[in-house]
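Below are the chains, spelled out letter by letter.
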Amino acid sequence: MPSSFADLEARLDDLASHDPSASVSAWLGDLAGRCRWSHRADAPHYAASTMKLPLVIAAQRRVVRGELDLDAPHPVRNAFASVKDGSPFTMDEDDDQDPETWAAVGGTRTLRELAEHAITHSGNLATNLLLDVVGRDEVAEVLRLAGCSPTTVVGRGIEDAVAREAGITNTVTAADLGLLMAAVARREPALGGEPVCGPVEQILARQLHVDQIPAGLPSGTPTASKSGWIPGVSHDVALVRPVGEDPFVLAICTTVDLGEHEAAAFVASVAADVWAVDHALDVREVEQ
C-alpha cells in the first residue's frame, strides 16, 4: 500500500512503463473543484459511458426550463441518424446492459425512465434516445458551464460508426470529469443549482455498477458515481460523502489492455490507495 501520493504515482507510472500504449489518469478534489492531487489528469481518453453524466445534467436543465416533461412518454425505437451525414444506423442489444429499455422497443418510456436507465443501468439505447431529445449542443453547454476543457466533448451517440470513422467521437479527461461531478455536488448555480443538480445526484446515488471506485472505498461509504467501460477502457468518477468527513470527488480514467473485470479491479485498487494515502495525510496534518 503506498504511503504517499508519490508512491502511488510511481505505481501508476510503472504500469505505463510495461505498456507504452497504457494511459492512467486520476483527479482528486473538493466540491469547489480545487485539485488536491492528480496524475496525468489532462490526458485524453475515449469517454465510454461517462458521456452519460453531462447528458443527464443537460436533460434536467431543459426540464427545469420547462422545455421537457420528464413524465411525457417517448417512443422507444432502434433507429438513429448519424451526426456525420444523417445515414441510418441501429444498435446492438447484446452490447447493452439495459434489457428493460430494449423490451420497450415499439412502445414508450418516459424521459425520466430513460435518464434513470442511462445512468443506473448504463443503458446505451436509453442514452441515444435521450440524446436525440436533449441535443448535443445542450450537452456541450453543460461541459462549458462546468469549466471543462475543450478536450472533453460529446460528439456523437453510441454506435454511430459512420461518425466514428470520420473522427467524430466522445472524449474525456479525469480532470474534467472531476470538475463536472464537483459542480453537481456543490449545486453549481450556473448549471441550475439544486433543481438541476439535486435530482442528478440522486440518480447517480442509485448507480448499479459500483465495481470501480466505490468498490475500493470502505464498505458502506456513500457514493454517487458514473462509470464507463469498453474493451481496453475503464473509467469512473465518484462523489464521495463519507459520514463525519468532508466530501470529495475522485475521477480515474484508464486506457489499458486489461479484461473488463481486471480493469475494474485495477480502478478499485487505485481508489483504495487514494483513500489510504489521503487519510494518512489527514492524520499527519492533525498531529502537526
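About the cut-offs
Residues numbered from 1 in each chain as written. Predicted model: local features only at pLDDT ≥ 70, side-chain atom pairs only at ≥ 80, totals over all residues. Heavy atoms only, no water. Helix = DSSP H or I, 4+ residues; strand = E, 2+ residues; numbered from the N terminus. Rg over C-alpha atoms; globule rule 2.2 N^0.38 Å. Buried < 20%, exposed > 50% of the residue type's maximum accessible area, 1.4 Å probe, protein only. Contact = heavy atoms within 4.5 Å. Areas by Shrake-Rupley, 256 points an atom, 1.4 Å probe, with all protein chains shown as cover. Lys, Arg positive; Asp, Glu negative; His and termini not counted. Charge placed at Lys NZ, Arg CZ, Asp CG, Glu CD. Arc of directions from axis to C-beta. Phe/Tyr/Trp six-rings, centres within 6.5 Å; stacked < 30°, edge-to-face > 60°. Core = buried A, V, L, I, M, F, W, Y, C linked by side-chain atoms within 4.5 Å. UniProt positions renumbered as here; feature names shortened; annotations may be inferred. Axes fitted to C-alpha atoms, helices over the stretch in contact; angles between N-to-C directions. Left-handed = near helix turned anticlockwise from the far one by under 90°. 1 Å grid on protein atoms, 1.4 Å probe; cavity = no way out; pocket = protein on both sides within 12 Å on 5 of 7 lines; lining within 4 Å. Points joined across faces, edges and corners; volume = space filled by probe spheres on them. Salt bridge = Lys/Arg side-chain N within 4 Å of Asp/Glu carboxyl O.

Student: How should I be thinking about the overall build of the chain in this particular structure?
Tutor: Summing up its helical and strand segments, the chain has 11 helices and 12 strands in all. Against the globule reference of 19 Å for 288 residues, the chain gives a C-alpha radius of gyration of 19 Å, in line with a compact fold. Summarising its shape, the C-alpha atoms of the chain cover approximately 60 × 40 × 30 Å along the three principal directions. A total of 288 residues make up the chain; the buried ones form 53% of that total. For the chain, the proportion of contacts with a sequence separation of at least 24, taken over those separated by at least 6, is 67%. Of the accessible surface of the chain, which amounts to about 12,200 Å², a share of 52% is contributed by carbon and sulfur atoms. Counting 22 positive and 43 negative side-chain charges, the chain places the centres of these two groups 6 Å from one another.

Student: In this structure, what is going on with helix H6 (residues 136-145)? I would like to understand it.
Tutor: Helical geometry note: an α-helix holds 3.6 residues per turn, so side chains three or four residues apart project in the same direction. Turning to H6, its buried residues are Glu138, Val139, Val142 and Leu143. Considered in projection along H6, the buried side chains sweep an arc of 145 degrees and stay on one side of the axis. H6 presents Asp137 and Arg144 as exposed residues on the side facing more than 90 degrees away from its buried surface. Among the structural elements, helix H2 (52-64), helix H5 (124-134), strand E8 (153-154) and helix H8 (174-185) are those in contact with the buried residues of H6. Gly147 lies just past H6 and shows a positive phi near 85 degrees.

Student: Would you take a moment to explain unusual backbone geometry for this structure?
Tutor: With the exception of glycine, the majority of residues adopt a negative phi angle, and the majority of peptide bonds are in the trans configuration. Look at Ala48: it is not a glycine, yet its phi comes out positive at around 50 degrees. Among the secondary structure elements, Ala48 is positioned in the loop between strand E3 (45-46) and H2. In the Ramachandran plot, Arg187 falls in the positive-phi region, its phi being about 60 degrees despite a non-glycine side chain. Along the chain, Arg187 falls in the loop between H8 and helix H9 (194-205).

Student: Would you explain the packing of aromatic side chains in this entry?
Tutor: The description of two aromatic rings rests on the distance between their centres and on the angle between their planes. Scanning all chains against the criterion turns up three aromatic pairs. Relative to Trp37, the ring of Phe5 lies with its centre 4.8 Å away and its plane at 10 degrees, an arrangement referred to as stacked. Here Trp37 lies in strand E2 (residues 35-39) and Phe5 lies in helix H1 (residues 5-18), a separation of 32 residues in the sequence. An identical accessibility class is assigned to Phe5 and Trp37; each is buried.

Student: What exactly am I supposed to notice about the nonpolar core here?
Tutor: A general feature of soluble globular proteins is that nonpolar side chains tend to end up buried together. Residues Leu53, Ile57, Leu130, Leu180 and Val249 are the most contacted members of the largest nonpolar core, which totals 60 residues. For this core, the secondary-structure elements that each account for two or more residues are H2, helix H4 (111-120), H5, H6, H8, H9, strand E11 (233-240) and strand E12 (248-255). Contact partners of Val249, with chain neighbours within four places excluded, come to Trp27, Leu28, Gly29, Leu31, Gly178, Met181, Ala182, Val237, Ala238 and Leu239. Listed in part, the 23 residues of the second largest apolar core include Phe5, Ala26, Phe266 and Val277.

Student: Just to check I follow, could you spell out the UniProt feature "domain: Beta-lactamase class A catalytic" (unreviewed entry) in the chain for this structure?
Tutor: Per the UniProt annotation, the sites labelled "domain: Beta-lactamase class A catalytic" (unreviewed entry) are residues 29-254. Across residues 29-254, the secondary structure splits into 36% helix and 20% strand, with the terminal C-alpha atoms separated by 18 Å.

Student: I keep staring at the packing of H2 against H8 and nothing clicks. Help me out?
Tutor: Helix packing for two helices is described by the angle between their axes and how far apart those axes are. For the pair H2 and H8, interaxial distance at closest approach is 11 Å and the crossing angle is 35 degrees. The chirality of how H2 crosses H8 is left-handed. Taking contact as the criterion, the partners of Leu53, Pro54 and Ile57 in H2 are, on H8, Leu180, Met181 and Val184.

Student: Is there a simple way to think about empty space enclosed by the protein in this case?
Tutor: Using a probe with the size of a water molecule, rolled over the atoms, empty space left in the structure can be pinpointed. Applying the stated criterion across every chain, the model contains one cavity of 30 Å³ or more. Put simply, the largest cavity is a space of about 50 Å³. Thr50, Pro54, Leu143, Thr152 and Val172 are, among the 14 residues lining the largest cavity, the residues nearest its centre. Residue assignment for the lining of the largest cavity shows that the elements contributing at least two residues are E8, strand E9 (170-172) and H8.

Student: For this particular structure, what's the right way to read the pattern of salt bridges?
Tutor: Oppositely charged side chains may form a pair once their charged atoms are brought near each other. What the rule picks out here adds up to 15 salt bridges. In this structure, Arg34 and Asp30 form a salt bridge, with 2.7 Å as the shortest nitrogen-oxygen distance. Here Arg34 falls in the exposed class, since its relative accessible area comes to 56%. We note a salt bridge from Arg112 to Asp71, for which the minimum N-O separation is 2.8 Å. Of this pair, Arg112 sits in helix H4 while Asp71 sits in the loop between H2 and strand E4 (73-75), and the two are 41 residues apart along the sequence. Beyond isolated ion pairs, a larger network of salt bridges with shared partners links Arg62, Arg65, Glu67 and Glu138.

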